[in-house]
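# Residue-level structural notes
So you can see what is in the structure, the chains are spelled out below.
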Amino acid sequence: MKRFQVVTYSDDIGTDEHMDFDGLQSAIKEAKKYRKREQYAAIYDNFFKIAIVVFGNPATPVFTDNIKIVTLR
């Protein structure tokens, strides 16, 4: 299993898991591709068990409550 996974969210579809990546920069680049189609994109870090929001509202209920949500900025 690779360390980083791209996860997106939209009101019509809900949560959608996408590709896994070894590097954070590659995952961020992939997540940004969804900006026009999705409302939210984050990178889930399997090692630290956190989600890094690339765009969208960090308060969007995409992950379970035990996952820490941080922003990319």
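As shown above, the structure is provided for reference.
Time to look at the sheet that holds strand E1 (residues 4-10). Read across the open sheet, the five strands follow the order E2-E1-E3-E4-E5; overall the sheet is mixed. In this open sheet, the two edge strands, each paired with only one partner strand, are strand E2 (14-21) and strand E5 (68-71). The sheet shows a mean angle of 30 degrees between the axes of neighbouring strands, taken without regard to direction. As defined by bridge partners, strand E3 (residues 40-45) adjoins strand E4 (residues 50-55) across five bridges and the pair is classed as antiparallel. Note that in E4 the partner of Ala 41 across the bridge is Phe 55.

On the secondary structure map, Asp 22 appears in the loop between E2 and helix H1 (24-32). Measuring from C-alpha to C-alpha, the distance between Asp 22 and Arg 35 comes to 22 Å, with 13 residues separating the pair along the chain.

Turning our attention to the pairing of E3. Counted residue by residue, E3 has six buried out of six residues, so it is predominantly covered. Relative to E3, E1 runs antiparallel, the two sharing six bridges. Along E3, the bridge assignment pairs Tyr 9 with Tyr 40. Between the antiparallel neighbours E3 and E4 lie four residues, among them Lys 49 with a positive phi of about 60 degrees.

A word on the pairing of E1. Among the seven residues in E1, seven count as buried, and that is most of the element. Alternating positions in E1 separate into two faces, Phe 4, Val 6, Thr 8 and Ser 10 on one and Gln 5, Val 7 and Tyr 9 on the other, with burial throughout. Pairing analysis gives six bridges linking E1 to E2, with the strands arranged antiparallel. Bridge pairing in E2 links Thr 8 to Asp 16. The hairpin formed by E1 and E2 contains three residues between the paired strands.

Here is what the cut-offs are and how they apply
- Residues numbered from 1 in each chain as written.
- Predicted model: local features only at pLDDT ≥ 70, side-chain atom pairs only at ≥ 80, totals over all residues.
- Heavy atoms only, no water.
- Pairing = 2+ DSSP bridges.
- Helix = DSSP H or I, 4+ residues; strand = E, 2+ residues; numbered from the N terminus.
- Axes fitted to C-alpha atoms, helices over the stretch in contact; angles between N-to-C directions.
- Buried < 20%, exposed > 50% of the residue type's maximum accessible area, 1.4 Å probe, protein only.

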